[in-house]
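Below, each chain spelled out in residue letters.
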Amino acid sequence: MTDIVSPTQGVTVSKAPARRDIGIKRRYAAERRFQAYGIAAITFGLVFLFILLWTVIGKGYTAFQQTAITLPIEFSEKTIDPSNKRATDPSVLITANYPVLLRDAIVKQLNINASSKPNVRDASAMLSKSAPIQLRDMVVADPSLIGKTVNVSLLADANIDSANKGQIDLTVDEKNRKVNDKQVTWMNQLKASGALQKQFNTGLFVNGNSSRPEAAGLGVALIGSLYLMLIVLALSLPIGVAASIYLEEFAPKNRLTDLIEVNINNLAAVPSIVYGLLGLSVFINFIGLPRSASLVGGLVLTLMTLPTIIIATRAALRAVPPSIRAAALGLGASKMQMVFHHVLPLAMPGILTGTIIGLAHALGETAPLLLIGMVAFVANAPTTPLDPSTALPVQVYMWANEAERAFVERTSGAIIVLLLFLIVMNMGAILLRRRFERRW
């Protein structure tokens, strides 16, 4: 310590308190800077998250509504079955000229001169090209409709749907938009009469893939994702928990187990596309399982999820206090009884949390599924895990590559559905952990 004697007052002054005060101020300033950096980092992340969600939701919420046009359809026998052969040949109901029924109905509804081919063509274009299929399915399911006039709600064309939702600027020149002035006038006429209106888009959750945006849906992708998650859960949970219990409770500590632990940790960091290459070479090329099948996708995602579940389960087992093990063994329990009757139930919250997070990670994977062929165009819902299928993230990828502007809202709508599934799964993991967690 250095002392200084003041020549004027004769008082001895020490430098140590001043230096100590300066050091304390610097530490406080460094702490405030660190807190500011942390708050700035969190704010930075939240801003970008808000921008992402705002963009996706802003473009995708309209996908949950669909424009429909209600028309009185006259199921004319002259058009559907002029020779009255449906009793002996039901195929005539499938091959009937249903577009003529739609054309006549909309021409009559709009009071258009049927001899004006351009007007008839533009009016017919306001209906979806899937509308004839809808009429065909109705007649095949109920042939008694023939000869009757029934009000039918039909999907509007994607361009009419976009114009009705305000996604097409109708103030620009007619040559620069896909909806002409006549169709805009007819659209307003149908709106005024109540024949054109927006309704909840159930087809988004029921229909399969389609080249027509207004008819495309997530039905196949939802079923395929369900099959994937069931396969992953059925395989990864028991295998991962069994491997974790053996490595943590029964395996001897030697070089072999150390090598296994290192490889498990490395596998958790392997890019997902590598698992897709493995599934392609082993499950499809070597074993011969069908491409685009949910079974192959589930096996690939199981391999990808196993390291995550094993690591989470081992961490949950280590979190159980050693006194629990010692008490169980001291009371005469065998090692297996100690593990399965005492340690495993206490570690179950952590195991469930790790499993759900692993499943959520697998649900959002796209790259490995692309390599095993789940990017195929599938219009019919799969009935078994061996049927061709797709998944939610792959459906998002496929729609994002489509040229039609109406697929933009379909893509964002599918992202919203996928995010909702991921949020529900992660919230389930948090609730399960809080419900069963015990603090020691």
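Residues numbered from 1 in each chain as written. Predicted model: local features only at pLDDT ≥ 70, side-chain atom pairs only at ≥ 80, totals over all residues. Heavy atoms only, no water.

Novice: Before we go on, may I ask you to explain the overall build of the protein in this structure?
Specialist: Secondary structure assignment for the protein yields 17 helices and 5 strands. Compactness check: the protein gives a C-alpha radius of gyration of 33 Å against a globular reference of 22 Å for 440 residues, more than 25% above the reference. Reported as C-alpha extents along the three principal axes, the dimensions of the protein are approximately 115 × 80 × 40 Å. In the protein, buried positions account for 41% of the 440 residues. Counted over contacts in the protein with a minimum sequence separation of 6, partners at least 24 positions apart contribute 74%. As presented, the protein carries roughly 24,300 Å² of accessible surface, and 62% of it is formed by carbon and sulfur atoms. (Helix = DSSP H or I, 4+ residues; strand = E, 2+ residues; numbered from the N terminus. Rg over C-alpha atoms; globule rule 2.2 N^0.38 Å. Buried < 20%, exposed > 50% of the residue type's maximum accessible area, 1.4 Å probe, protein only. Contact = heavy atoms within 4.5 Å. Areas by Shrake-Rupley, 256 points an atom, 1.4 Å probe, with all protein chains shown as cover.)

Novice: Can you help me understand the nonpolar core in this one?
Specialist: Generally speaking, soluble globular proteins have nonpolar side chains that are buried together. Residues L301 and L369 are the most contacted members of the largest nonpolar core, which totals 40 residues. Where this core is concerned, the elements lending two or more residues are α9 (219–250), α11 (272–286), α12 (294–319), α14 (335–363), α16 (392–400) and α17 (406–436). With 8 residues, α17 is the largest single contributor of residues to this core. Beyond its immediate chain neighbours, meaning those up to four positions away, L301 contacts L228, M229, V232, A362, E365, P368 and L369. Counting residues in each nonpolar core, the second largest holds 38 residues, with I80, L127, L154 and I168 among its members. (Core = buried A, V, L, I, M, F, W, Y, C linked by side-chain atoms within 4.5 Å.)

Novice: How should the sheet that holds strand β5 (residues 196–200) be read in this particular structure?
Specialist: What links the strands of a sheet is backbone hydrogen bonding, and the strands pair in either a parallel or an antiparallel sense. In space, the 3 strands of this open sheet follow the order β4-β3-β5, with antiparallel pairing throughout. Edge positions in the sheet fall to β4 (149–155) and β5, since each has one partner strand and no second. Averaged over all adjacent pairs, the angle separating strand axes in this sheet is 40°, with direction ignored. Here strand β3 (residues 65–74) pairs with β4 via 7 bridges, running antiparallel. Among the inter-strand pairings, P72 is bridged to a residue of β4, identified as N151. Here helix α3 (residues 98–110) sits on the sheet in contact with β3 and β4, set at roughly 95° to β3. (Pairing = 2+ DSSP bridges. Axes fitted to C-alpha atoms, helices over the stretch in contact; angles between N-to-C directions.)

Novice: I would appreciate a short explanation of unusual backbone geometry in the present structure.
Specialist: For residues besides glycine, phi is generally negative; the peptide bonds are generally trans as well. Look at N84: it is not a glycine, yet its phi comes out positive at around 55°. Of note, the phi angle at S292 is positive, near 65°, even though the residue is not glycine.

Novice: Is there a simple way to explain the pattern of salt bridges in this structure?
Specialist: A side chain of one charge can pair with a side chain of the opposite charge when the charged atoms of the two come close. Using the criterion set out here, one finds 11 salt bridges in the structure. Between R103 and D104 there is a salt bridge, with the nearest N and O atoms lying 3.3 Å from each other. According to the relative accessible area criterion, R103 is partly exposed, its value standing at 36%. With a closest N to O distance of 2.9 Å, E248 and R314 form a salt bridge. Of the two residues, E248 sits in helix α9 while R314 sits in helix α12, which places them 66 residues apart along the sequence. There is no split in this pair, since E248 and R314 are both buried. (Salt bridge = Lys/Arg side-chain N within 4 Å of Asp/Glu carboxyl O.)

Novice: Explain the packing of α9 against α14 to me, please; I cannot follow it from the model alone.
Specialist: Angle between the axes and distance between the axes are the two parameters that describe a pair of packed helices. Put simply, α9 and α14 touch, their axes get as near as 9 Å, and they point 140° apart. By the angle between their directions, the pair α9 and α14 is classed as oblique. Taken as a pair, α9 and α14 cross one another with a handedness that is right-handed. Packed against α9, whose contacting residues are S225, M229, V232, L233, L237, V241, I245, E249 and F250, the element α14 presents K335, M336, M338, V339, F340, V343, L344, I351, T355, L359, A362 and L363 at the interface. When the residues that make up the contact of α9 with α14 are grouped by side-chain class, the tally is 17 nonpolar, 2 polar and 2 charged. (Parallel < 35°, antiparallel > 145°, perpendicular 65-115°, else oblique. Left-handed = near helix turned anticlockwise from the far one by under 90°. Nonpolar A, V, L, I, M, F, W, Y, C, P; charged D, E, K, R; others polar.)

Novice: Teacher, can you tell me more about α9 here?
Specialist: Think of an α-helix as turning once every 3.6 residues; residues three or four places apart then point the same way. Its 32 residues give α9 an end-to-end C-alpha distance of 45 Å, which sits within 8% of 46 Å, the value for a rise of 1.5 Å per residue. At S236, α9 is bent by approximately 25°, the largest bend along its length, and proline P238 sits one to four residues beyond. (Expected span 1.5 Å × (residues − 1). Bend = angle between axes of the 7 residues up to and from the residue.)

Novice: Even after reading the chapter, I still don't get the packing of α12 against α14, so can you show me in this structure?
Specialist: Close contact between α12 and α14 brings their axes to 8 Å; oriented N to C, the two are set at 150°. By the angle class used here, α12 and α14 are roughly antiparallel. Every pair of crossing elements has a handedness; the one defined by α12 and α14 is right-handed. Packed against α12, whose contacting residues are L301, M304, T305, T308, I309, A312, T313, A316 and L317, the element α14 presents V343, A347, G350, I351, G354, T355, G358, L359, H361 and A362 at the interface. Its residues assigned to classes, the contact of α12 with α14 shows 11 nonpolar, 8 polar and no charged.

Novice: I keep staring at the pairing of β3 and nothing clicks. Help me out?
Specialist: Strand residues, when the strand is regular, have side chains that alternate between the two faces of the sheet. As defined by bridge partners, β3 adjoins β5 across 5 bridges and the pair is classed as antiparallel. Following the sheet pairing, T67 is matched in β5 by K198.

Novice: Explain the packing of aromatic side chains here, please?
Specialist: Both the distance between ring centres and the angle between the ring planes are used here to describe each pair of aromatic rings. One pass over the structure, following the stated rule, counts 5 aromatic pairs. The interplanar angle of 10° and the centroid separation of 6.1 Å between the aromatic rings of F200 and F205 together place this pair among those described as stacked. Residue F200 is classed as exposed on the basis of its relative accessible area of 53%. Both rings, one in W399 and one in F407, keep their centres 6.2 Å apart while their planes meet at 40°; by these two values the pair is tilted. An identical accessibility class is assigned to W399 and F407; each is buried. Put simply, the rings of F64, F200 and F205 touch in pairs and so form one group of aromatic residues. (Phe/Tyr/Trp six-rings, centres within 6.5 Å; stacked < 30°, edge-to-face > 60°.)

Novice: What's the story with a nonpolar patch on the surface in this structure? I'm lost.
Specialist: Where nonpolar side chains cluster on the molecular surface, the patch consists of I42, L46, L49, L52, L53, I57, Y61, L419, L420, I423 and M427 and spans about 1,100 Å² of accessible area. Taken together, the elements giving at least two residues each to the nonpolar patch come down to α1 (16–60) and α17. For the nonpolar patch, the leading source of residues is α1, giving 6 residues. According to the relative accessible area criterion, I57 is partly exposed, its value standing at 45%. (Patch = residues over 30% accessible without salt bridge, like charges linked within 9 Å, V, L, I, M, F, W, Y side chains within 5 Å.)

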